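# Coordinate analysis (summary)
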Amino acid sequence: MSTKTIESKLLLNELKEKWQQLQSVPNIFAYRLNVTESKILPGNYGFYSEFNPDRTALRRAPQTILSLDPAFDEEKFNFKKIKPEECLMNVEYEGSKISMIINNSPLTRYHTLICPDVHLGLPQRICEKALRFCVDFLMNLIENGESNFRIGYNSPGALASVNHLHLHLMFIEQELYIDRAELQFLSQSEVLRISPNMPTDAVCFQFKAEDTEAIILKKVLKLNAFLQWLCTNNMPHNLFLTPERIPSKENILKVFVFVRQEYCIVKNLNTYNIGFCELAGYVPVGAKQLYDQLQEEDIIQTINTETGNVFCQIYNYFLNVI
């Protein structure tokens, strides 16, 4: 795999133009994006929140997905059923067709779903091809000086709302908690973890511009093996792929993996739920009273309650397997 295989900057320019045009077309989006307020919450870690009232009132009802190896259901909503206009483009990638589809209920500008081989009806279980595309796409952007696009993924039981394989491409200019989180190596492996000095847990895989094609592929395979192990062991998880934001001599893509003990089934749309956004330190809220009263310590407590003690087992996986 080479980070030169995708002309990400050209694709992104076309995507942004089409996305912005569709915001003015009736009956395409559930609402026109209108974030009316934003703030960095008081505290030590820089959690960032936005008030997006239409997201709560107008978004499509989320599905409940009860398995980390779910069967695709043609009868329920899936991306085969979208309006043709909602697909911004199709990208040919290593024998697959990656569809870039608007998020009908956007959280940020250019919020787009990355959907591999829509026609195959792949369930919401991450796969190697999807990981390779996302790493390739973002690494190419990083090499072209673009660091404001991030990619997230929610597994079943970790806030996934549609059982059809998709990841989220999001435009987030704001520096987030996860961008400043201290990292340390796990034993002698190339995998890192968030430092115990920080209030939340995650493991982190790093991809560097200097990595050869073979090294990148090796890292993707290691990441994918870990994610499949999580699925096999019924551990819901979230991913957040983000460029290194701290000034560095290297162009680095960080892939954070968050794992949880609590299986999220009921999603209360009048509050915040813990998905990849919240775990990264970006907390969109649709209820004004909640937005006004939001506290950093409450978010951290909710994250740690859902995470539980699962990371003892996760760290042992890397110490034993690698």
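Quick caveat: nothing in here was measured; it's all calculated off a predicted structure. (Residues numbered from 1 in each chain as written. Predicted model: local features only at pLDDT ≥ 70, side-chain atom pairs only at ≥ 80, totals over all residues. Heavy atoms only, no water.)

This next bit is on the overall build of the protein. Helix and strand counts for the protein come out as nine helices and 13 strands. For 322 residues, the compact-globule estimate of 2.2 N^0.38 gives 20 Å, and the C-alpha radius of gyration of the protein, at 18 Å, lies within 12% of that figure. Of the contacts made within the protein by residues no fewer than 6 positions apart, 70% connect residues no fewer than 24 positions apart. For the protein, the accessible surface area stands at approximately 13500 Å², while carbon and sulfur atoms represent 47% of it. The averaged location of the 37 negative side-chain charges in the protein is 1 Å from the averaged location of its 31 positive side-chain charges. (Helix = DSSP H or I, 4+ residues; strand = E, 2+ residues; numbered from the N terminus. Rg over C-alpha atoms; globule rule 2.2 N^0.38 Å. Contact = heavy atoms within 4.5 Å. Areas by Shrake-Rupley, 256 points an atom, 1.4 Å probe, with all protein chains shown as cover. Lys, Arg positive; Asp, Glu negative; His and termini not counted. Charge placed at Lys NZ, Arg CZ, Asp CG, Glu CD.)

It is worth spelling out the UniProt feature "domain: GDPGP1-like N-terminal" (unreviewed entry) in the protein at this point. Under the feature "domain: GDPGP1-like N-terminal" (unreviewed entry), the UniProt entry names residues 12-170. Between the end C-alpha atoms of residues 12-170 there is a gap of 11 Å, over a span that is 21% helix and 23% strand. (UniProt positions renumbered as here; feature names shortened; annotations may be inferred.)

The next thing to look at is the pattern of salt bridges. Going through the model one piece at a time under the given rule, you end up with 16 salt bridges. Close ionic contact of R125 with D69 constitutes a salt bridge, the shortest N to O distance being 3.4 Å. With R125 in the loop between β5 (112-116) and α3 (128-143) and D69 in the loop between α2 (53-58) and β3 (87-93), the pair connects residues that are 56 residues apart, well separated along the chain. Of the residues examined, D69 reaches a relative accessible area of 54% and is grouped as exposed. K254 is the salt-bridge partner of E244, the closest N and O atoms lying 3.8 Å from each other. Taken together, the positions of E244 in the loop between β11 (237-243) and β12 (252-259) and K254 in strand β12 put the pair ten residues apart, joining distant regions of the chain. Connected through shared salt-bridge partners, E37, K288 and D292 make up one network. (Salt bridge = Lys/Arg side-chain N within 4 Å of Asp/Glu carboxyl O. Buried < 20%, exposed > 50% of the residue type's maximum accessible area, 1.4 Å probe, protein only.)

Before going further, it helps to spend a moment on helix α8 (residues 296-307). Here α8 contains twelve residues, and its C-alpha end-to-end distance of 17 Å stays within 8% of the 16 Å for a straight helix at 1.5 Å per residue. Along α8, the residues classified as buried are E296, I299, I300, I303, E306 and T307. Considered in projection along α8, the buried side chains sweep an arc of 130° and stay on one side of the axis. Those residues of α8 hidden inside the fold are in contact with β12, α6 (276-280), β13 (282-285) and α9 (310-321). (Expected span 1.5 Å × (residues − 1). Arc of directions from axis to C-beta.)

The next thing to look at is helix α1 (residues 8-22). Along an α-helix, a turn takes 3.6 residues, which lines up residues three or four apart on a common side. Given a rise of 1.5 Å per residue, 15 residues ought to cover 21 Å, and the 21 Å separating the end C-alpha atoms of α1 matches this to within 8%. Every buried residue of α1 is accounted for by S8, L11, L12, L15, W19 and L22. Down the axis, α1 shows its buried residues gathered within 95° of arc, on one side only. Structurally, α1 contributes buried residues whose contacts are with β3, β4 (96-102), β5, α3, β6 (149-154) and β7 (167-171).

Taken N-terminus to C-terminus, the directions of α1 and α3 make an angle of 95°; their axes are 8 Å apart at the nearest point. When the axis of α1 is compared with that of α3, the two are roughly perpendicular. Seen from α1, the contacting residues are S8, K9, L11 and L12; seen from α3, they are D136, F137, N140 and L141. Classifying every residue of the contact of α1 with α3 gives four nonpolar, two polar and two charged. (Axes fitted to C-alpha atoms, helices over the stretch in contact; angles between N-to-C directions. Parallel < 35°, antiparallel > 145°, perpendicular 65-115°, else oblique. Nonpolar A, V, L, I, M, F, W, Y, C, P; charged D, E, K, R; others polar.)

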